[in-house]
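# Fold and contact review
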Amino acid sequence: MYRLLSGIFMGWSLGSNDSANIFGTAVFSKKIRYRTAVILCAVFVIVGALLEGRAGMHTLSGLVNQTADSAFAASLAAALTVTLMSVLKLPVSTSQAMVGAIMGIGILRGQINFSGLTKVVIAWVATPIGTIVATLVLYPLIGWFLRLLRLNIFTRDLFLKWGLIIAGCYGAYALGANNVANVTGVYIQTGQLNVLQAALLGGGSIALGAVTYSKNVMITVGKKLVRLDPFSAFIAVFSMALVVHTFAIIGVPVSTSQAIIGSVVGVGILKGVQTIRIRTLLLVLFGWIGTPSIALAIAYLIFRLLFH
Amino acid sequence: MLWKKEKSIIDKIKTYLDQVDRCRNRFRVCIERLILEPENAENPAILEEVHRSESKADDLRRSIELQLYERALIPESRGDVLGLLETLDAIPGMFQSLCYQLLLEKITFPDQFRERYLHLVDVNIKSYDLVREAVLGLFFSKDVKAQTDLVDAVESDSDHMERDLIRDIFSSKMDKADKILLKEIVINTGDISDQAETVKDRLILAIIKRKI
């Protein structure tokens, strides 16, 4: 049973970090209270995990044959990687850490499903590209609709307020559906949890992270995103939710942080301004290569020292 | 339910603008009396009406501001609305000051300038009317381009009339001190359309910021 603790730890750190991408703007622009935001986030994360979380779980559990020990080691390694990176103030993807950790154990045990891995890596690269495209399509489309409505300053604000809240709820749903696999996906193959239990425990631990420890990150992310005008911020969150949800349906856990970076780049392209610095793009690149490599090394070490 | 707070502010803004209109109408009556019948004993009472309507408009604006601070609108829009109301609210203040200036300083326009001055007043009132319509447009989803374009034209007319009037005042055979007093009144009257132009500039900025 103690082996599940590393998964809960993982879910908690994921929730405390990634809920910022979803409700950061709405909270920072004071359109919704922090408490309301985290409650909505928690509810929709759990609903997303329960209704659509299984596809991603199957992908992750298909990468390597897991045992109870390897599942524990993978979760612990991924959670440690994310925590280490958070201490270093580097925003990283739990999905990429988890896949790296699973690979580390797979290498040690000499069993990796490369076809599943290719699907995962393609999805990582496709995530920011997907949100750029989604933003390029949604921005003019919803913008046209908004112009058609001829809203005054008050009704327009109301539209954006509810837009941010609904996009946030959708984002939380997508986060739950997509990322729950990172948290408890590894325990399904080992038989420690069935899909429903995994979804509930994973969703619950992400929700716990959002409720207990997301405020600071939420404010930091909100501050960054709020530099965009409210309409752009709404489109950015909505595009992120759409893409992350799409990958949840396909069954590949992806990074909400990298998804939102793509959205912001999309807004920049449309408005002809530079919204992203080179440093941010390097961080995305690091997410693709550095995070899984570090998690891989940590998982390799943990599993070798404790169980091999 | 969803937009109770916003609707209540919209209603208050409408009431506020109606109140400023009342002040504008009383100002027009008052200034005509002060110019054409400067010695009329009823003038202070009429001015009191201008003052009361200006004061009521001020109270309404403050109450709107308070309500706006209570989490209505996103901060960016709140700033725009507050800024617009504050710049617009300077206009009824100008109406009132002008009347007080005429009454307290016992300024009398010579016959040859009375009609021209009242025409200048009307042009400046028109600039207020236009900018008021434009502000209404932002709050009530109307196209404001026609009004904002006209504000510039009217302000420019007012500038020309001001200069001509001042030149003619100083070419007349009045006492120098009287000339200076009249000049001040003319300049202060022209300030109304300058202020209307400031409101229009803020309005355009608010519209541009919301362009998608």
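Heads up: these notes are all about the structure in this document. On a predicted model such as this, the values are computed, not experimentally measured, just so you know.

On to the overall build of chain B. Counting its regular elements, chain B contains six helices and zero strands. In chain B, the succession of helices and strands from N to C terminus is α-α-α-α-α-α. Relative to its length of 212 residues, chain B is compact, with a C-alpha radius of gyration of 19 Å against a globular reference of 17 Å. Dimensions of chain B along its principal axes, counting C-alpha atoms only, are 65 × 35 × 20 Å.

With that settled, the discussion passes to the overall build of chain A. Helices and strands together make up the secondary structure of chain A, namely 13 helices and zero strands. Written out in order from the N terminus, the α and β elements of chain A read α-α-α-α-α-α-α-α-α-α-α-α-α. For 308 residues, the compact-globule estimate of 2.2 N^0.38 gives 19 Å, and chain A sits close to it at 19 Å. Taking the principal axes of the C-alpha coordinates as reference, chain A spans close to 65 × 35 × 30 Å. The 308 residues of chain A split such that 61% are buried. For chain A, restricting intrachain contacts to residue pairs at least 6 apart in sequence, the fraction spanning at least 24 positions comes to 87%.

With 18 residues of chain B at the interface, the matching set in chain A holds 18 residues. Breaking the side of chain B that touches chain A down by element, the ones donating at least two residues are helix 1 (4-36), helix 3 (75-104) and helix 4 (111-139) of chain B. For the side of chain B that touches chain A, a count of residues per class yields 12 nonpolar, two polar and four charged.

All right, on to the packing of helix 11 (residues 230-250) of chain A against helix 12 (residues 256-271) of chain A then. Residue and element names in this part refer to chain A. Contact pair helix 11 / helix 12: the axes reach a minimum separation of 8 Å and the direction vectors enclose 135°. Between helix 11 and helix 12, the crossing angle belongs to the class labelled oblique. For the pair helix 11 and helix 12, the sense of crossing is right-handed. Residue-level contacts link Ser232, Ile235, Ala236, Ser239, Met240, Val243 and Val244 of helix 11 to Thr256, Ala259, Ile260, Ser263, Val264, Gly266 and Val267 of helix 12.

Let us look at the packing of helix 6 (residues 114-149) of chain A against helix 11 of chain A. When two helices pack together, you describe them by how their axes are tilted relative to each other and by the distance separating the axes. Residue and element names in this part refer to chain A. Contact geometry for helix 6 and helix 11: axes closest at 8 Å, N-to-C directions at 135°. Classified by the angle between their axes, helix 6 and helix 11 sit oblique to one another. Every pair of crossing elements has a handedness; the one defined by helix 6 and helix 11 is right-handed. Together, Ala123, Thr127, Gly130, Thr131, Ala134, Thr135, Leu138, Tyr139 and Ile142 of helix 6 and Ile235, Ala236, Phe238, Ser239, Met240, Leu242, Val243 and Phe247 of helix 11 make up the contact between the two elements.

Where a protein is soluble and globular, its nonpolar side chains tend to be buried together. All names here are of chain A. If you look at the biggest cluster of nonpolar residues, it comprises 165 residues, and the most contacted ones within it are Cys41, Val45, Ala74, Ala77, Ala101, Ile102 and Ala299. Residue contributions to this core peak at 16 residues, all from helix 7 (residues 153-184). Apart from residues no more than four positions distant in its own chain, isoleucine 102 is found in contact with Leu60, Leu63, Val64, Ala74 and Val186.

Attention shifts here to helix 1 (residues 3-28) of chain A. All names here are of chain A. A rise of 1.5 Å per residue sets the reference length of helix 1, with its 26 residues, at 38 Å; its end C-alpha atoms lie 37 Å apart and thus fit the reference within 8%. Along helix 1, the helix axis deviates most sharply at isoleucine 22, where the bend reaches about 60°. Of all the 26 residues making up helix 1, 24 are buried; the element is thus mostly covered by neighbouring parts of the structure. Downstream of helix 1 by one or two residues, lysine 30 has phi in the positive range, about 60°.

Conventions we followed
- Residues numbered from 1 in each chain as written.
- Chains lettered and ligands numbered in written order.
- Predicted model: local features only at pLDDT ≥ 70, side-chain atom pairs only at ≥ 80, totals over all residues.
- Helix = DSSP H or I, 4+ residues; strand = E, 2+ residues; numbered from the N terminus.
- Rg over C-alpha atoms; globule rule 2.2 N^0.38 Å.
- Buried ≥ 20, exposed ≤ 12 C-beta atoms within 10 Å, placed from the backbone.
- Contact = placed C-beta atoms within 7 Å.
- Nonpolar A, V, L, I, M, F, W, Y, C, P; charged D, E, K, R; others polar.
- Axes fitted to C-alpha atoms, helices over the stretch in contact; angles between N-to-C directions.
- Parallel < 35°, antiparallel > 145°, perpendicular 65-115°, else oblique.
- Left-handed = near helix turned anticlockwise from the far one by under 90°.
- Core = buried A, V, L, I, M, F, W, Y, C linked by C-beta atoms within 7 Å.
- Expected span 1.5 Å × (residues − 1).
- Bend = angle between axes of the 7 residues up to and from the residue.

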